[in-house]
Amino acid sequence: MAAPMSSVGKHSGDRPANTTSFQKKTRSKLISIAGTRPSVQNGQLLISTGVTSLDYVLGGGLAVGTVLLIEEDRYDSYSRMILKYFLAEGVVCRHELFVAAAQDHPNDILQELPDPILDDIAFPKPMEQHRPSFEPQDNLDAMQIAWRYQNLPKVQSALASSSRFGHYYDVSKTMEPEIRLTAKCHRFYAPEHHTKSSPTHSPMLESYSALLKSLQDVIQREGFDVAAPMSNSRNILRIGLHSLGSALWGDDLCCRDNPTQRHALTNFLYGLRALLRSSLSVAVVTLPSHLIQNTALMDSITRLCDNAIALESFKGSERETNPLYKDYHGLLHVRQVPHLNCLSSQLPDHKDLAFKLKRKQFTIERLHLPPDLSERVSRVSRGELAGAAMAGSGCGSGSSGNKHLDF
Amino acid sequence: MLPELLQGSEGGGFLIIKDSTCYSGRHLLRSFISAALKREEAVHVLGFEVSEEELKHGLKGSATERLHFHNAYVDPLGWTDCPPFTVNQFTLKDLEHLFNQTSQSKPAILVIDSLSWIMRHLSPPFVCRTLQQLKKGGAVRTVIGLLHSDMHQQGVVGSVCHLATSVITVSPGGRGDEAVAKTTRRLKSGKVTQDGEIFSIKEDLSVIITQGKPSLPGPKGAEAEELEDPTVNLTFNLLLSDQEREAKEKLALPFVFSKEKKTALLHSGPGSGRILYEPDAADDYDQEDPDDDLDV
């Protein structure tokens, strides 16, 4: 029975002794890298953001070479969570990471990564090389009826999980340091790069130009450039930029209606996108858009990024007590989807999405009104209806209409 | 939540009191100062807006030894030859130098009166950066700042409050000297809690929380009543008594082997067969294309 070997791109070093030398013909010229898959729509190489429902909203995943802009919610809880999911997915898929932040040190962000759920991810653990043959005796009393299944791992998945696309994470636990240290991380902490240099008239702020320079160095040094000589092992660089545009980066975009250097951030994003298009990397940028007063500038920032979503959490607003929203933690608005190498893009079916952060999953669902099962349906006051109509304007379900037709 | 913040049990925070022309937050600020002095902590005050006498009015005599007032009221912009404290000295190095001059055992509390004054004369990104450095570094334990929300653009207020761990917004209350305080607090775990209280400040600068919250968040009490215990009022018994539980545990289950047989079955010895399976490339079939013949 012929056992075909793996194609170019997978580790060719470990060839088991009893396989033949038949080689499977590669049917595409795509580089096959762990943790990626080609898109079914346009053949782009996609990676997972770490949140499977967000992958679905973005049309299968994030295309390599693009930027995802996340407009932060008011207290930066959920956008930070998505950034951590993105980086944790990078660790699980063995990609390289680059984290830049101005508020907290990147090490703090890296220490808060959520724990992946699957058991049999093949991480190089130096201690446990073999099956647990030397378990202590008291474990036998663990299960009384189903004792034959004691030694099996708790969660099983079909194949080697690192070749899967999209994993699940447990938010209540943080990732083990051994797992985290298997991935190579580059860090950029903005206050460390703050130098009192003479203000030469550059179109970008010094913190942004230092960040761009650092990114360029990492990409060229580690060989993520597409133009670099083709080697067998290519990898993806995942770039996470936290809270770009906030005052701690030295930018007064959030402070004023007419910032003094209005094109600093837009120039940076332009340079970032050019850098990404010519390398195997993906960037996720979070931006405190609720502080930006200038809507024209916000629009141009959105245009310069490929994917753009906005998170609006209910915490602290009057929507928190609205019974419509009691199942969800916030709304998710898709501001832009990219059209890469094609004329039109895949728009999401539903525009009214709401998200909810559960312990093991970050779900994004279509916002729908709960069924109105109360007996006093026809006597709902006008005030409540007005609130419901304002919020559910895109919902499409008819319960926000008048209730006079009650049979 | 206001009493907890006044206690100041957790350090390392940045607290902002946001006020407006309708109600001044300086009374609350002085309550914070007096509470800190009562806790025997050293307090450094950068006073830009009011003079020293006015700020110290009402504070007890003995405690004011620990209060170090840096007089920026007299000459904040350095127009005279030797100003005591200018606004340009609001940098991390100068402030640390200031703290080191007064010898103390533990880090102090820095009170800024007011942040708005500093923001008028220094650029907001610079102020935010300095505040972040103060918050992160070990020079001070807590930073308390007074911010006049109607003096700045919304973006500036938002940017500074974004850095803060707690924000107290004060506004006039219903009657007399009562005021409403809405507190937003960000805990280290990332959780955000909010609260609203009506308070009033007495002569000796202690804060009294009066009963009656300004706006209740919603009928949350109704939900708790609906969850009843389903095991009550049944015609059959769902629970076990102690005797019954013992009897249940003593029951011998089928297929229960002795310990030796169990271990023999569980841990297969070196001689028995073992299945080693490594998933091949051929097993990794595409879910959308099982026959591998579509041209995607």
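Residues numbered from 1 in each chain as written. Chains lettered and ligands numbered in written order. Predicted model: local features only at pLDDT ≥ 70, side-chain atom pairs only at ≥ 80, totals over all residues. Heavy atoms only, no water.

Okay, the overall build of chain A next. Helices and strands together make up the secondary structure of chain A, namely eight helices and 14 strands. Here chain A holds 407 residues, and the buried ones make up 45% of them. (Helix = DSSP H or I, 4+ residues; strand = E, 2+ residues; numbered from the N terminus. Buried < 20%, exposed > 50% of the residue type's maximum accessible area, 1.4 Å probe, protein only.)

Here E320 of chain A lies in the loop between β11 (307–313) and β12 (330–336). The spacing of E320 of chain A and L113 of chain A is 207 residues in sequence and 27 Å in space, taken between C-alpha atoms. The contact partners of E320 of chain A, leaving out residues within four places of it in the chain, are F314 and K315 of chain A together with Q194 of chain B. (Contact = heavy atoms within 4.5 Å.)

Attention now goes to the pattern of salt bridges. Two side chains of opposite charge can pair, provided their charged atoms sit close to one another. Enumeration over the complete set of coordinates arrives at 21 salt bridges over all chains. With a closest N to O distance of 2.9 Å, E222 of chain A and K184 of chain A form a salt bridge. Linking E222 of chain A in helix α5 (residues 206–222) with K184 of chain A in the loop between α4 (177–181) and β8 (185–189), this pair joins segments that are 38 residues apart in sequence. The class of K184 of chain A is partly exposed, set by a relative accessible area of 41%. Look at the salt bridges and you will find they share partners, linking R80, K84, D104 and E112 of chain A together with K136 of chain B into a network. (Salt bridge = Lys/Arg side-chain N within 4 Å of Asp/Glu carboxyl O.)

With that out of the way, let us pick up the confidence of the model for chain A. For chain A, per-residue confidence averages 77 on the pLDDT scale, and 70% of positions sit at 70 or higher. Low confidence marks residues 121–140 of chain A, where pLDDT is under 50. Its contacts with residues over four positions away, or in another chain, come to 21 contacts. (pLDDT = per-residue confidence, 0-100.)

What follows covers the packing of helix α6 (residues 124–136) of chain B against helix α7 (residues 154–163) of chain B. Residue and element names in this part refer to chain B. Relative orientation of the contacting elements α6 and α7 amounts to 10°, with a least axis distance of 10 Å. When the axes of α6 and α7 are compared, the pair comes out roughly parallel. For the pair α6 and α7, the contacting residues are P124, C128, L131, Q132 and K135 in the first and V156, V160 and L163 in the second. (Axes fitted to C-alpha atoms, helices over the stretch in contact; angles between N-to-C directions. Parallel < 35°, antiparallel > 145°, perpendicular 65-115°, else oblique.)

On to the nonpolar core, then. Residues and elements named next belong to chain A. Grouped together as the largest cluster of nonpolar side chains are 76 residues, with contacts concentrated most on L244, F268 and L272. Examining the composition of this core, we find that seven residues originate from one element, helix α6 (residues 264–277), more than from any other. Ignoring sequence-local partners within four residues, the contact set of L244 consists of Y208, L211, W249, L265, F268, V285, T286, L287 and P288. Counting residues in each nonpolar core, the second largest holds 43 residues, with L62, I82, V99 and F355 among its members. (Core = buried A, V, L, I, M, F, W, Y, C linked by side-chain atoms within 4.5 Å.)

All names here are of chain A. Across the sheet, which stays open at both edges, the three strands sit in the order β1-β2-β3 with antiparallel pairing between neighbours. With one partner strand each, in any of the chains shown, β1 (36–38) and β3 (62–63) form the two edges of the open sheet. Of the strand pairs in this sheet, strand β2 (residues 45–47) and β3 are connected by two bridges, and their pairing is antiparallel. Of the residues in β3, the one forming a bridge with I47 is L62. (Pairing = 2+ DSSP bridges.)

All names here are of chain A. Within helix α7 (residues 295–304) the residues assigned to the buried category are L297, M298, I301, T302 and L304. Buried residues of α7, seen end-on, are gathered within an arc of 160° and therefore sit on one face of the element. Residues of α7 that are exposed and point more than 90 degrees away from the buried face comprise T295 and R303. Its buried side turned inward, α7 meets β4 (67–71), α6, β10 (281–287), β11 and β12. One side-chain oxygen at the N-terminal end of α7 lies 3.3 Å from the backbone nitrogen of A296; it belongs to N294. (Arc of directions from axis to C-beta. Polar contact = N/O pair within 3.5 Å; in protein donor to acceptor, adjacent residues only side chain to side chain.)

As a further point, take empty space enclosed by the protein. This model, assessed by the stated rule, comprises four cavities of 30 Å³ or more. In this structure, the largest cavity encloses a volume near 70 Å³. Residue lining of the largest cavity: Q103, S246, A247, L248 and L291 of chain A together with C128, S159, H162 and L163 of chain B, and that is the complete set. Ranked by residue count, the leading element in the lining of the largest cavity is α7 of chain B, at three residues. When its residues are assigned to classes, the lining of the largest cavity shows five nonpolar, four polar and no charged. (1 Å grid on protein atoms, 1.4 Å probe; cavity = no way out; pocket = protein on both sides within 12 Å on 5 of 7 lines; lining within 4 Å. Points joined across faces, edges and corners; volume = space filled by probe spheres on them. Nonpolar A, V, L, I, M, F, W, Y, C, P; charged D, E, K, R; others polar.)

Before going further, it helps to examine the sheet that holds strand β2 (residues 43–47) of chain B. Residues and elements named next belong to chain B. On the basis of which strands lie adjacent, the open sheet formed by nine strands has the order β3-β2-β4-β5-β1-β6-β7-β8-β9 and mixed pairing. Each end of this open sheet is capped by a strand with a single partner; those strands are β3 (67–71) and β9 (207–210). The mean inter-strand angle of the sheet, taken between neighbouring strand axes irrespective of direction, is 25°. Across eight bridges, strand β7 (residues 179–186) lies against strand β8 (residues 192–201) in antiparallel orientation. For R185, the partnering residue across the bridge sits in β8 and is T193. Running at roughly 130° to β2, helix α4 (residues 92–101) makes contact with β2, β3, β4 (108–113) and β5 (140–148) of the sheet. Lying on the sheet, α6 is in contact with β1 (13–19), β4 and β5; it crosses β5 at an angle near 150°.

This part covers the pairing of β2 of chain B. Residues and elements named next belong to chain B. Within β2, five of the five residues are buried, leaving the element largely enclosed by the surrounding structure. What you see with β2 is no split at all: V43, V45 and G47 on one side and H44 and L46 on the other are buried throughout. Pairing of β2 with β4 involves five bridges; the strand directions are parallel. Bridging from a neighbouring strand, V45 pairs with V111 of β4.

All names here are of chain A. Locating T66 in the fold gives a position in the loop between β3 and β4. Reaching out from T66, the side chain makes a polar contact with the backbone oxygen of A63 at a distance of 2.6 Å. Beyond its immediate sequence surroundings of up to four residues, T66 is in contact with L276, R277, S281, V282, A283, D306, N307 and L340.

This brings us to the environment of A274 of chain A. Among the secondary structure elements, A274 of chain A is positioned in helix α6. When the C-alpha atoms of A274 of chain A and N258 of chain A are compared, they prove to be 27 Å apart, with 16 residues separating the residues in sequence.

Here we take up the packing of aromatic side chains. Residue and element names in this part refer to chain A. Evaluated as defined, the whole model comprises 11 aromatic pairs over all chains. Aromatic side chains Y78 and F355 sit 5.0 Å apart centroid to centroid with 65° between the ring planes, which places their arrangement in the edge-to-face category. You can see Y78 sitting in helix α2 (residues 78–92) and its partner F355 sitting in strand β13 (residues 353–357), a full 277 residues away along the chain. By relative accessible area, which is 14% here, Y78 ends up buried. The exposure class of F355 is buried, given its relative accessible area of 0%. Connected via pairs of aromatic rings, a cluster forms that spans Y78, Y85, Y169, F355 and F362. One Lys or Arg, R238, reaches over the ring of F86 and ends 4.9 Å from the middle of that ring. (Phe/Tyr/Trp six-rings, centres within 6.5 Å; stacked < 30°, edge-to-face > 60°. Lys NZ or Arg CZ within 6 Å of the ring centre and 35° of its normal.)

Glancing now at a nonpolar patch on the surface. Residues and elements named next belong to chain B. Judged by side-chain polarity, L234, F236, L238 and L239 come together as a nonpolar surface patch covering roughly 420 Å² of accessible area. Relative to the elements of secondary structure, L238 occurs in the loop between α8 (221–226) and α9 (242–250). Look at L238 and you get exposed, because its relative accessible area is 52%. (Patch = residues over 30% accessible without salt bridge, like charges linked within 9 Å, V, L, I, M, F, W, Y side chains within 5 Å. Areas by Shrake-Rupley, 256 points an atom, 1.4 Å probe, with all protein chains shown as cover.)

Glancing now at α4 of chain B. All names here are of chain B. For α4, the full list of buried residues reads L95, L98 and F99. Seen end-on, α4 carries its buried residues on one side only, within an arc spanning 95°. Those residues of α4 that are exposed and angled more than 90 degrees off the buried face are K93, H97, N100 and Q101. On the buried face of α4, the contacting elements are β2, β3, β4, α6 and β5.

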